[in-house]
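Structural overview
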Amino acid sequence: MDGQNSEAVMHQVQAELANAYAQEFFTTVREKCFEKCVPKPGTSLSSGEQTCIARCTDRYVDATRAISNVVLQAYSQGGAGGMQ
């Protein structure tokens, strides 16, 4: 495999991993926030349930962003040594 093909394969793998991560993230958020915020599912969400879900989702997004920043910072400062 030449360098160009290797690079194309790596980009494809990265795209597939990003897609899998996004799907897992949204599945987790949907399950956790729905379980927390909607005690008795009905035909529609109350305004309180909608607010709860929005806040819960925001917390997951913020937490994921913070974790991603820490991991990226660790990689930029010399690799993943110690990150497991």
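This text goes with the structure placed above it.
From a predicted model like this one, the values you see are computed outputs, not experimental measurements. (Residues numbered from 1 in each chain as written. Predicted model: local features only at pLDDT ≥ 70, side-chain atom pairs only at ≥ 80, totals over all residues. Heavy atoms only, no water.)

1. Some details on the packing of aromatic side chains
- Per the stated rule, a full pass over the model turns up two aromatic pairs.
- Taking the centre distance of 6.4 Å and the plane angle of 25° together, the rings of Y21 and F25 count as stacked. Pair noted here: Y21 and F25 are both in helix α1 (residues 3–37), with a separation of four residues, about one helical turn.
- The class for Y21 is partly exposed, based on a relative accessible area of 47%.
- Overall, F25 belongs to the buried group, its relative accessible area being 14%.
- Note on F25 and F26: the rings are 5.3 Å apart at their centroids and 75° apart in plane angle, and the pair reads as edge-to-face.
- By way of ring pairs, the aromatic residues Y21, F25 and F26 are connected into one cluster. (Phe/Tyr/Trp six-rings, centres within 6.5 Å; stacked < 30°, edge-to-face > 60°. Helix = DSSP H or I, 4+ residues; strand = E, 2+ residues; numbered from the N terminus. Buried < 20%, exposed > 50% of the residue type's maximum accessible area, 1.4 Å probe, protein only.)

2. Observations concerning the nonpolar core
- Of all hydrophobic cores here, the largest spans six residues; its members are F25, V29, C33, C37, V38 and C56.
- Per-element accounting of this core gives the leading share, four residues, to α1.
- Residues contacting F25, with those up to four places away along its chain left out, are Y60, V61 and T64. (Core = buried A, V, L, I, M, F, W, Y, C linked by side-chain atoms within 4.5 Å. Contact = heavy atoms within 4.5 Å.)

3. Looking at the state of the cysteines
- On inspection of all chains with the given rule, the structure shows two disulfides.
- Here C37 connects covalently by a disulfide to C52, the sulfurs 2.0 Å from one another. In this structure, the disulfide formed by C37 and C52 twists by about -65° around the S-S bond and is classed as left-handed. Here the residue C37 occupies a position in helix α1, and C52 occupies one in helix α2 (residues 47–76), the gap between them amounting to 15 residues.
- Here C37 falls in the buried class, since its relative accessible area comes to 6%.
- C52 gets classed as partly exposed once you look at its relative accessible area, which sits at 21%.
- Looking at the protein chain, its bonded cysteines, counted consecutively from the start of the sequence, adopt the pairing 1-4, 2-3. (Disulfide = S-S within 2.5 Å.)

4. Here we look at α2
- Taking 1.5 Å per residue as the helical rise, α2 with its 30 residues ought to reach 44 Å, and the 43 Å between its terminal C-alpha atoms agrees with that figure.
- Those residues of α2 that sit buried are E49, C56 and T64.
- In the segment just after α2, G78 is the residue with positive phi, at about 120°. (Expected span 1.5 Å × (residues − 1).)

Purely spatial values, then, with no claim about function.
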